[in-house]
2 protein chains.
Amino acid sequence: MKVTLLGTGAAGGVPVFGCQCHICLSAKITPSLRRNPACALIELDGAAYLIDAGIMDIGERFESSFLNAIFLTHFHPDHVQGLFHIRWGSGFRIPIFCPPDKEGCADLYKNPGILDFRQLKKFEPLDIDELRVTPLPLIHSKLTYGYLFTNAGTSMAYLTDTKGLPPAVTDYLNAIVLDCLIIDTTSPPTVENRNHNNYNDTLAIHESIRPKKTVLTHISHDLDNWLNENNTSLPENMLIGRDNMMIKI
Amino acid sequence: MKVTLLGTGAAGGVPVFGCQCHICLSAKITPSLRRNPACALIELDGAAYLIDAGIMDIGERFESSFLNAIFLTHFHPDHVQGLFHIRWGSGFRIPIFCPPDKEGCADLYKNPGILDFRQLKKFEPLDIDELRVTPLPLIHSKLTYGYLFTNAGTSMAYLTDTKGLPPAVTDYLNAIVLDCLIIDTTSPPTVENRNHNNYNDTLAIHESIRPKKTVLTHISHDLDNWLNENNTSLPENMLIGRDNMMIKI
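Computed from a prediction, not measured in an experiment: that's the story for all the values here.

So, on to the packing of helix α1 (residues 22-29) of chain B against helix α7 (residues 221-230) of chain B. When two helices pack together, their arrangement is captured by the angle between the axes and the distance separating the axes. Residues and elements named next belong to chain B. Relative to each other, α1 and α7 sit at 100 degrees, their axes nearing to 8 Å. With respect to their mutual orientation, α1 and α7 come out roughly perpendicular. On the side of α1, the interface is formed by His-22, Ile-23 and Cys-24, while α7 contributes His-221, Asp-224, Asn-225 and Asn-228. Taken together, the residues that form the contact of α1 with α7 break down as two nonpolar, four polar and one charged.

This is the structure we're talking about:
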């Protein structure tokens, strides 16, 4: 299983529009510091799956038959806005697996176009060929799923957006050997947000679940500045996610 | 008054995702054939105003203090989706003039960030320095305004999305000398759509209002193909809009 982080940013991305902070000014002239909306591509046995669709160049990035399915964590705009455009495509339908959110976002349900929304039930695995996908409920201001992807004895959990984890999810992940955890880490430890992890929340989850590797995503400019200013040492099996980072699992 | 068409496409844009038609295949390799979501920039006396915000690179295209205001025709995603991202900007607020739509789009009203929504009343002009802006009600599936911009004896009407015009708007525009009409022309004459003009609708409006110049916008690949296949001759004071076209008024 190969995972490519197409975006690792919080809702405002990096650089934040109009922001004069050190990181945002640097990101304007250093593309590697930019952060698109959090989004990841999974490739396995010639198939490709997108997790979230907040990036706005899906139509340019992928040939129309490239994506086998899209998994949505939730229906906030920064996780679905790339669908507004491609839904008007032609010639095929894309399965969009998602939580059973009644509203969706804007008029996506009303005018789905080529999008084939399929709501999943929490903890009920979906098998697509050799890939097993298990929706894990998260703690956020909108109905949100993380997803556990398992294949041939390897496993990756993608958990964003969330503030902490429900005990049932912690128990579920503690019962398996987790190769990689990719997790919402929006803010520095100095910021408390009831919808997103800060750095200390992620450290606690990392220590509780003990994955072989943890990758931070959904990162704000505030966290980037804090990491930079404090010259923070992460645990050796923890990585700061970057746009276009490829992870082999 | 200078107007730049930043986007001239219908909701699906050109190329349409996955489409194999002549125009879409050509647009993939010929950037000048591409059509972004319909959107225009007005520049006047050092000030800049955006009409609609469906383009997704507002944050990259404009320095944060560049835009004096944004005028929204309506709250369909292809006309507002560029706001989802920049609303999380910092340090200033952008006036967003719009129709009195109760819903808006997704959570834009709930989480406006730096966006300062100001609802306008139809036919009641707004004066910003030397620019007068008059909202004109249109005929669409969501509450929609066109806008008449006048300055120092020159005038431009931007009317999209619409199917035909309400008689009161036709009368209003007939009572003035209109230098330029930029108008929704989504489809070829063979297609009837209750929410958008086809080419014949636009011809009828052009002949009724008699502007000095008419520019087609909100163009679908269907219209592009039809114009191409029929080698259509437009009236001499009618232009097919193109992305990045600049118009002096």
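What follows picks up the thread again.
When chain A is brought onto chain B, the operation consists of a screw motion whose angular component is 180 degrees and whose axial shift is 0.0 Å, with 0.0 Å RMSD remaining. Overall, the copies show the geometry of a two-fold rotation axis. Minimal C-alpha distance to the rotation axis in chain A is attained by Ala106(A), lying at 2.2 Å. The residues that chain A uses at the interface reappear at the interface of chain B in 100% of cases, marking a shared surface.

On to α7(B). An α-helix turns once every 3.6 residues. As a result, residues three or four positions apart point the same way. All names here are of chain B. Every buried residue of α7 is accounted for by His-221, Leu-223, Asp-224, Asn-225, Trp-226 and Leu-227. Lining the buried residues of α7 we find α1, α6 (199-209) and β13 (238-240). Immediately downstream of α7, the backbone of Asn-231 shows phi near 45 degrees, a positive value.

A separate point is the sheet that holds strand β9 (residues 145-151) of chain A. Residues and elements named next belong to chain A. One open sheet accounts for seven strands, arranged β7-β8-β9-β10-β11-β12-β13; its pairing is mixed. Two strands in the sheet have a free side with no partner beyond their single neighbour: β7 (126-128) and β13 (238-240). Across this sheet, the average inter-strand angle for adjacent strands is 20 degrees, counted without regard to direction. As judged from the four bridges shared by strand β11 (residues 180-184) and strand β12 (residues 214-217), these two strands associate in the parallel manner. Looking at β12, one finds that Ile-183 is bridged to Leu-216. Of the strands in this sheet, β8 (131-137), β9 and β10 (154-159) are in contact with helix α5 (residues 167-174), which crosses β8 at around 150 degrees.

On to the pattern of salt bridges, then. Working definition: two side chains of opposite charge can pair if their charged atoms are close together. Residues and elements named next belong to chain A. One pass over the structure, following the stated rule, counts 28 salt bridges over all chains. Lys-2 is the partner of Glu-43 in a salt bridge, and the nearest nitrogen-oxygen pair spans 3.4 Å. One end of the pair, Glu-43, is in strand β2 (residues 39-44); the other, Lys-2, is in strand β1 (residues 2-7), and 41 residues separate them in sequence. By relative accessible area, which is 25% here, Glu-43 ends up partly exposed. Taking relative accessible area as the criterion, Lys-2 reaches 32% and is therefore assigned partly exposed. In this structure, a network of salt bridges that share partners links the residues Arg-93, Asp-116 and Arg-118.

This part is about the sheet that holds strand β2 (residues 39-44) of chain B. All names here are of chain B. Here we have seven strands laid out as an open sheet, ordered β6-β5-β4-β3-β2-β1-β14, and mixed in their pairing. What marks the edges here is a single partner per strand, and that holds for β6 (115-119) and β14 (246-248). On average, each strand axis in the sheet is inclined to that of its neighbour by 25 degrees, with strand direction left out of account. Pairing of strand β5 (residues 94-98) with β6, which is carried by five bridges, proceeds in the parallel orientation.

Conventions and cut-offs
Residues numbered from 1 in each chain as written. Chains lettered and ligands numbered in written order. Predicted model: local features only at pLDDT ≥ 70, side-chain atom pairs only at ≥ 80, totals over all residues. Heavy atoms only, no water. Axes fitted to C-alpha atoms, helices over the stretch in contact; angles between N-to-C directions. Helix = DSSP H or I, 4+ residues; strand = E, 2+ residues; numbered from the N terminus. Parallel < 35°, antiparallel > 145°, perpendicular 65-115°, else oblique. Contact = heavy atoms within 4.5 Å. Nonpolar A, V, L, I, M, F, W, Y, C, P; charged D, E, K, R; others polar. Least-squares fit on C-alpha atoms with pLDDT ≥ 70 in both. Buried < 20%, exposed > 50% of the residue type's maximum accessible area, 1.4 Å probe, protein only. Pairing = 2+ DSSP bridges. Salt bridge = Lys/Arg side-chain N within 4 Å of Asp/Glu carboxyl O.

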